[in-house]
Amino acid sequence: MARGRAAAWAALGPLLWGCALALQGGMLYPRESPSRERKSLDGLWRFRADFSDTRRRGFEEQWYRRPLRESGPTLDMPVPSSFNDISQDWRLRHFVGWVWYEREVTLPERWTQDLRTRVVLRIGSAHSYAIVTLTSSTTRDCSGLCFCTRHPPPTSMTSPSPPACSKTVPWSLLPPAGLVNYQISVKRGSQFELEVRLLDAENKVVAAGTGTQGQLKVPGANLWWPYLMHELPAYLYSLEVRLTAQTSVGPVSDFYTLPVGIRTVAVTESQFLINGKPFYFHGVNKHEDSDIRGKGFDWPLLVKDFNLLLWLGANAFRTSHYPYAEEVLQMCDRYGIVVIDECPAVGLVLPQHFSNTSMNHHMRVMEELVRRDKNHPAVVMWSVANEPASSLESAGYYFKMVITHTKALDPSRPVTFVTNSNYAADKGAPYVDVICVNSYYSWYHDYGHLELIQLQLGTQFENWYKTYHKPIIQSEYGAETIVGFHQDPPLMFSEEYQKALLEQYHLGLDEKRGKYVVGELIWNFADFMTNQTPQRVLGNKKGIFTRQRQPKAAAFLLRERYWKIANETRYPHSAAKSQCLENSPFT
């Protein structure tokens, strides 16, 4: 990427306006307000899997037309959760096919009797494909990439009619002020007034506007900084919107508040910049996975994970390999954890995966991802794929189009994909802003030969940089470790081997850190479950924490490194309250 790109991205106002126009519509995250109520539908649902040979018995017998219990035996199933991990029925452990959930819900009387109240059913996610029925009538089909897996809870939500249905809030800097550009689309109706206020963390109004679109100027803005990059990281404002509409029964008001962070992102040929300062990613790759819950969203688990990230000194993670629950990104906004937001395009390895049909679907998926996550300051880069067969000739045009489309949707953020192809053969690399490369030296290649890592890693970095002159992130590296296995000299699968492998990678990373390597993300934050294979011992064991979130020896090694890097790269604007290992609340 040319050095002039950073300067172009600094003038974000007109660029981001195009982003706002390109992404109208969408549903706001359900937040309660004086005009909105929220009723969570999580809890115990009736559940039944269709074990018939065709997996279509439920449709043929129309199970949706009567209580599910009348169709046959049902189970109690907690929502959210992964049904595979709940039952003692071995058939459900790897079941593929239609499963049926049922829940009877009683709505508050005021929701149904007040004609001005609009009731919305919101499904947090759909795994592959879902059909929702309400009072025996199909209301909507939902589909996504077949490898998308998330399980946030469903909710019902009320709002006045017409409601404010979507907001795009790009941000930029115009020293010494911050700029917040907003665009609000309204569901139905044309006779309404919109008032917009921006409040600081002390709940003081710092800017105000009217109308469906505009720009708020914030003198002396507090910027959103990543964790460990500033003494006041993750500063959030609150954007309050009040809509007043004239209806047949009189004026109706709707209120919605959106957390907003003000920050910029830019990329040069050797640096990743946040608010004009070089940023180094020292973090992890994750999975939405844990014992019993599977991929089901769980607040205690989420808070535990963030406490571990802070303890570790991690400042970033990638949502490998799918969009995470919106609550995860909200926590990242609040804690200053930087996110590489990845779509569920994993497994694109066959020629047919790069067809026009696949490309058009991929573009729609990116539209959904950008529309949902565009207002999160923690999200600094989009990833359009993980380990695709980018050496195929057809991959060049495919990624050129998908990346160009993503940039048109959101010109404010860089775009990448994560590659494991050879630097000379990768057809998609010319179109990314940052090179993200996965390599597993001394694990999948030359296993056991730790002495080769520094040479191989140095050669890898030099080849990629000489070819493309773009900043590089080591987006995956690691080794499987079974907790409690010890061997010295180190042997594979022992805790000593994982530590030794990481140490050799770190020596290689340090040779290029500060030159053009701008980050390192360990694979993985925690052990996670996979399909049964002879190579997996109860799942993938590359985590530095166990699936139960207990540290392996490598976690302490990585913690020492990340805090060392954080203190080395601290900037003068935050030196007054510089933290170190001794005085950090997370040591």
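Residues numbered from 1 in each chain as written. Predicted model: local features only at pLDDT ≥ 70, side-chain atom pairs only at ≥ 80, totals over all residues. Heavy atoms only, no water.

Student: Explain the pairing of strand β16 (residues 250–260) residue by residue, including any values.
Tutor: Bridge count between strand β15 (residues 237–247) and β16: 11 bridges; the pairing is antiparallel. From the neighbouring strand, Ser-238 faces β16, where its bridge partner is Pro-259. Count of turn residues in the β15/β16 antiparallel hairpin: two residues. (Pairing = 2+ DSSP bridges. Helix = DSSP H or I, 4+ residues; strand = E, 2+ residues; numbered from the N terminus.)

Student: A description of unusual backbone geometry should follow, citing residues and the corresponding values.
Tutor: The omega torsion across Val-79 and Pro-80 is 5 degrees, close enough to zero to call that bond cis. Topologically, Pro-80 is positioned in the loop between β3 (75–79) and α4 (90–93). Between Ser-320 and the following residue, His-321, the backbone shows a cis peptide bond with an omega angle of -10 degrees. Mapped onto the elements of the fold, His-321 is located in the loop between β21 (316–318) and α7 (326–335). Phi is positive for Leu-228, which is not a glycine, with a value near 70 degrees. Residue classification places Leu-228 among the buried positions, given a relative accessible area of 5%. Not every positive phi belongs to a glycine, and Phe-493 is a case in point at roughly 80 degrees. (Buried < 20%, exposed > 50% of the residue type's maximum accessible area, 1.4 Å probe, protein only.)

Student: Any chance you could break down the packing of aromatic side chains for me, citing the residues and the numbers?
Tutor: Tallying each qualifying case throughout the model produces 33 aromatic pairs. Judged by centre distance (4.8 Å) and plane angle (80 degrees), the ring pair of Phe-279 and Phe-281 falls under edge-to-face. Arranged with centres 5.0 Å apart and planes meeting at 70 degrees, the rings of Trp-443 and Phe-493 form a pair that is edge-to-face. Taken together, the positions of Trp-443 in the loop between β25 (435–438) and α10 (453–468) and Phe-493 in the loop between β26 (472–476) and α11 (495–512) put the pair 50 residues apart, joining distant regions of the chain. Exposure remark for Trp-443: the relative accessible area of 6% places this residue in the buried category. For Phe-493, a relative accessible area of 29% corresponds to the partly exposed category. Residue placement shows Arg-91 over the ring face of Phe-51; its charged tip is 3.9 Å from the ring centre. (Phe/Tyr/Trp six-rings, centres within 6.5 Å; stacked < 30°, edge-to-face > 60°. Lys NZ or Arg CZ within 6 Å of the ring centre and 35° of its normal.)

Student: Break down the nonpolar core for me, with residues and values.
Tutor: In this structure, Phe-272, Phe-281, Phe-306, Phe-317, Phe-399 and Ile-473 are the most contacted members of the largest nonpolar core, which totals 133 residues. With eight residues, the single largest contributor to this core is helix α12 (residues 553–568). Split by domain, this core shows at least three residues from each of two domains, domain 2 (166–260) and domain 3 (265–570). Every residue in contact with Phe-272, bar those within four places of it in the chain, is listed here: Val-265, Ala-266, Val-267, Lys-277, Pro-278, Phe-279, Phe-281, Val-380, Met-381, Pro-414, Val-434 and Val-518. Core analysis: the second largest hydrophobic core is formed by six residues, Phe-47, Phe-83, Leu-92 and Phe-95 among them. (Core = buried A, V, L, I, M, F, W, Y, C linked by side-chain atoms within 4.5 Å. Domains from an automatic or database assignment. Contact = heavy atoms within 4.5 Å.)

Student: Tell me about the sheet that holds β15, and name the residues and values.
Tutor: Reading across the sheet, the four strands line up as β13-β12-β15-β16 and stay open at both edges, with antiparallel pairing between neighbours. Only two strands of the sheet have a single neighbouring strand rather than two, namely β13 (205–210) and β16. The sheet shows a mean angle of 15 degrees between the axes of neighbouring strands, taken without regard to direction. (Axes fitted to C-alpha atoms, helices over the stretch in contact; angles between N-to-C directions.)

Student: Explain the sheet that holds strand β24 (residues 415–419) residue by residue, including any values.
Tutor: Overall, parallel pairing links the eight strands, which are arranged β20-β21-β22-β23-β24-β25-β26-β27 in a closed barrel. The average angle at which neighbouring strand axes cross in this sheet is 25 degrees, direction not considered. As paired elements, strand β22 (residues 338–342) and strand β23 (residues 379–386) share four bridges and run parallel to each other. Each bridged residue has a counterpart across the sheet, and for Val-339 the counterpart in β23 is Val-379. Packed onto the sheet, helix α9 (residues 393–409) meets β23 and β24 and runs at close to 155 degrees relative to β23. The strands touched by α10 within the sheet are β24, β25, β26 and β27 (517–522), with β26 carrying the most contacts at an inclination of about 135 degrees.

By themselves, these observations are geometric and do not establish any function.
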